[in-house]
Amino acid sequence: MIKKKLGILGGGQLGMFICQAAKKYKIDTIVFSNSKKFSAKKFCDSFFIGDFNDEKTLKKFINSCDFITIETENIPKEILKKIEYKKKLFPSACVVEIAQNRLKEKKFLNSIDGVNTVKYKQVTNLKNLKNSLKEFNNQAILKSCEMGYDGKGQYIVDSKNVDDFREINFKKYILEEIIDFKKEISIIVCCTKNNTITYPPVENFHTKSILRETTYPAKISEEVKKKSIIISKRIAKELKLVGILAVEMFLLKNDEILINELAPRPHNSGHWTIDYCKFSQFENLILSIFQNFVKEPNPTTNCKMVNVIGDEYKKKNDFKKKFKFYDYFKDEIKDSRKMGHYTLKN
């Protein structure tokens, strides 16, 4: 029997694009969303709405799918393991578990030969925070270990405001060194047991910790390009990745590369691939699951992807006239919310 049903945990814009890519390959999609209004609703073949901890709904969802993938890593590891006990999960629960916790992720990355992150400290109490802060020239970033994205759960800490954090639950945070980097770049890796492909490095520009623009190709030397691809493949190999992974990096002024974080799912910085690659990141995710062989992306032209954030969405009709605009169909406009994006030749 041909397996043609893909379950997607989460119904946001990434889920929406996964559904669209799946249709090209005649794959049915079933979304499990924890909110009633979600981006993928109009694009999936069926859906379940409920809490991921709702065993009855989760069981129905699992039974309706042949394979399962995620569009958010913020899913309890117990749920992922329950799913993996019954069905194949792409990427595996082990990969997601590492990527969803900054401390585990940092320890894992620094254990790989030739892979480094920014310096960090595990903090346990206020005294420990103050001592660690001294090691980072009295200014650092306190980051939540879990659920932190688009700048959420991140605080600049210095000698003047350190006492403000006395009530924080230190078990849930790590302290990171503030670095002076030259650029932020990212690479997307897709793997099967048969082959591995990488999308070329792109350059990312952030505003208030939220991705603003992605430019292909990244303005980096050929040597840095090769090194970033080698590092990304090495990380994927150590993870025994089957599926997709985004690797976010800092490029320092001396051209040293530090890994910022991993995302075990399609990534915002890969949205340009929908319009300007022969095979998009979403298509290669589908191929990694159903065909066990991924295709070289073959970019077609230099390009740019721009996120539409908050009230900018009110200008969507202007964007539609000038660019290739993608609406995320969010239920309400929020200040720092990604409401859509557009792409253009650069």
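What counts and how
Residues numbered from 1 in each chain as written. Predicted model: local features only at pLDDT ≥ 70, side-chain atom pairs only at ≥ 80, totals over all residues. Heavy atoms only, no water. Helix = DSSP H or I, 4+ residues; strand = E, 2+ residues; numbered from the N terminus. Rg over C-alpha atoms; globule rule 2.2 N^0.38 Å. Contact = heavy atoms within 4.5 Å. Lys, Arg positive; Asp, Glu negative; His and termini not counted. Charge placed at Lys NZ, Arg CZ, Asp CG, Glu CD. Disulfide = S-S within 2.5 Å. Buried < 20%, exposed > 50% of the residue type's maximum accessible area, 1.4 Å probe, protein only. Pairing = 2+ DSSP bridges. Axes fitted to C-alpha atoms, helices over the stretch in contact; angles between N-to-C directions.

Enquirer: Could you clarify how one ought to interpret the overall build of the protein in this entry?
Expert: Per the secondary structure count, the protein includes ten helices and 18 strands. Against the 2.2 N^0.38 benchmark of 20 Å for 346 residues, the protein shows a C-alpha radius of gyration of 20 Å, consistent with a compact globule. Seen through its principal axes, the protein has C-alpha atoms that stretch 60 × 50 × 45 Å. Taking contacts inside the protein between residues at least 6 apart in sequence as the whole, the part at least 24 apart equals 60%. Positive and negative side-chain charges of the protein, numbering 64 and 43 respectively, have mean locations separated by a distance of 4 Å.

Enquirer: What exactly am I supposed to notice about the state of the cysteines here?
Expert: Scanning the entire structure with this criterion turns up zero disulfides. Cysteine C65 is unpaired, with the sulfur of C44 as its nearest cysteine sulfur at 11 Å. Among the residues examined, C65 registers a relative accessible area of 2% and is labelled buried. Cysteine C94 remains unbridged, with the sulfur of C191 as its closest cysteine sulfur at 14 Å.

Enquirer: Help me out: how do you make sense of the sheet that holds strand β7 (residues 139-144) in this one?
Expert: Strand pairs in the sheet, formed through backbone hydrogen bonds, run parallel or antiparallel to each other. Spatially, four strands are ordered β6-β9-β7-β8 in an open sheet, and the strand pairing comes out antiparallel. Of all strands in the sheet, those with a lone pairing partner are β6 (120-122) and β8 (154-158), marking the two edges. For this sheet, the mean angle separating the axes of adjacent strands, direction not counted, is 30 degrees. Inspection of the sheet shows β6 paired to strand β9 (residues 173-177) by three bridges, in the antiparallel sense.

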